[in-house]
Amino acid sequence: MSDQRFIIEMGMGNDQYGMDYTKAAARAIEDAIRHSSIPLFEATGLPHDQMRVQVTVGVADPSQVDCAALAENLPRGRASVQAVEGGLNVTNPDNGTVLVMATAAVEAFLPIQV
């Protein structure tokens, strides 16, 4: 049985002082989730574990993202997180501090109902 996407939300997050890509990605995911309210489960009685959640985060250095930790913190569904090249690093020319910005797309899928 294949899945059908029923929601996609986008978010942005940053880490201003620690150059922590996972923290910036977590904030981007939280930003996306805050924009969502899914009454579908209450209306239909479907359990949340039927939902597959696929998260893609974009950062300048994807190897620095702890995708497993991010997936564990998602509140609903069967989650997977993938880090890809994207986002943005901005260097403060006065002190060399790097601001890490991440973007996230959070997609939710349910089995096609026939």
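Data block above holds the structure.
Residues numbered from 1 in each chain as written. Predicted model: local features only at pLDDT ≥ 70, side-chain atom pairs only at ≥ 80, totals over all residues. Heavy atoms only, no water.

Trainee: Help me understand the overall build of the chain in this model?
Mentor: Within the chain, the regular secondary structure consists of 3 helices and 5 strands. Along the chain, from the amino end to the carboxyl end, the secondary structure elements read β-α-α-β-α-β-β-β. In the chain, buried positions account for 32% of the 114 residues. Long-range pairs, those at least 24 residues apart, make up 75% of the contacts in the chain between residues at least 6 apart in sequence. Counting 7 positive and 14 negative side-chain charges, the chain places the centres of these two groups 5 Å from one another. (Helix = DSSP H or I, 4+ residues; strand = E, 2+ residues; numbered from the N terminus. Buried < 20%, exposed > 50% of the residue type's maximum accessible area, 1.4 Å probe, protein only. Contact = heavy atoms within 4.5 Å. Lys, Arg positive; Asp, Glu negative; His and termini not counted. Charge placed at Lys NZ, Arg CZ, Asp CG, Glu CD.)

Trainee: Quick question: what am I supposed to make of the nonpolar core here?
Mentor: In globular proteins that are soluble, nonpolar side chains generally tend to be buried together. In terms of nonpolar packing, the biggest core is built from 27 residues, with Ile29, Val55, Val57, Val65 and Val81 touching the most fellow members. Once residues within four sequence positions are removed from consideration, valine 81 is found in contact with Val55, Val57, Cys67, Leu70, Ala71 and Leu74. (Core = buried A, V, L, I, M, F, W, Y, C linked by side-chain atoms within 4.5 Å.)

Trainee: Can you help me understand the environment of glycine 86 in this one?
Mentor: Here glycine 86 lies in the loop between strand S3 (78–85) and strand S4 (88–91). Residue class for glycine 86 comes out partly exposed when judged on its relative accessible area of 26%. With 25 residues separating them along the chain, glycine 86 and aspartate 61 place their C-alpha atoms 8.1 Å apart. In this structure, glycine 86 is in contact with Gly58, Val59 and Ala60, ignoring residues within four places of it in sequence.

Trainee: Got a minute to help me understand the side chain of glutamate 107 in this structure?
Mentor: Position of glutamate 107 among the secondary structure elements: in strand S5 (residues 98–111). For glutamate 107, a relative accessible area of 11% translates into the label buried. Separated by 2.7 Å, the side chains of glutamate 107 and arginine 5 make a polar contact. Not counting residues up to four positions away in its chain, the partners in contact with glutamate 107 are Arg5, Ile7, Ile8, Arg52, Val53 and Gln54. (Polar contact = N/O pair within 3.5 Å; in protein donor to acceptor, adjacent residues only side chain to side chain.)

Trainee: Help me out: how do you make sense of the pairing of S5 in this one?
Mentor: Side-chain direction in a regular strand flips from residue to residue, so the side chains alternate between the two faces of the sheet. Counting buried residues along S5, 11 of its 14 residues qualify, which places the element largely inside the surrounding structure. Two elements, strand S1 (residues 3–15) and S5, share 12 bridges in a ladder whose sense is antiparallel. Following the sheet pairing, aspartate 3 is matched in S5 by proline 111. One ladder, built from 7 bridges, connects strand S2 (residues 52–59) with S5; its direction is antiparallel. Bridge pairing in S5 links valine 57 to alanine 104. (Pairing = 2+ DSSP bridges.)

Trainee: Looking at this model, I keep getting lost on unusual backbone geometry. Mind explaining?
Mentor: It is generally the case that most residues other than glycine have a negative phi and that most peptide bonds are trans. Non-glycine residue methionine 19 carries a positive phi angle of around 50°. Here methionine 19 lies in the loop between S1 and helix H1 (21–34).

Trainee: What am I meant to see in the pattern of salt bridges here?
Mentor: Where charged atoms of side chains with opposite charge meet at close range, the side chains can pair. Under the definition given, this model contains 3 salt bridges. For arginine 34, the salt bridge goes to glutamate 30, with nearest N and O atoms at 3.6 Å. With arginine 34 and glutamate 30 both in helix H1, this residue pair falls 4 residues apart, about one helical turn. (Salt bridge = Lys/Arg side-chain N within 4 Å of Asp/Glu carboxyl O.)

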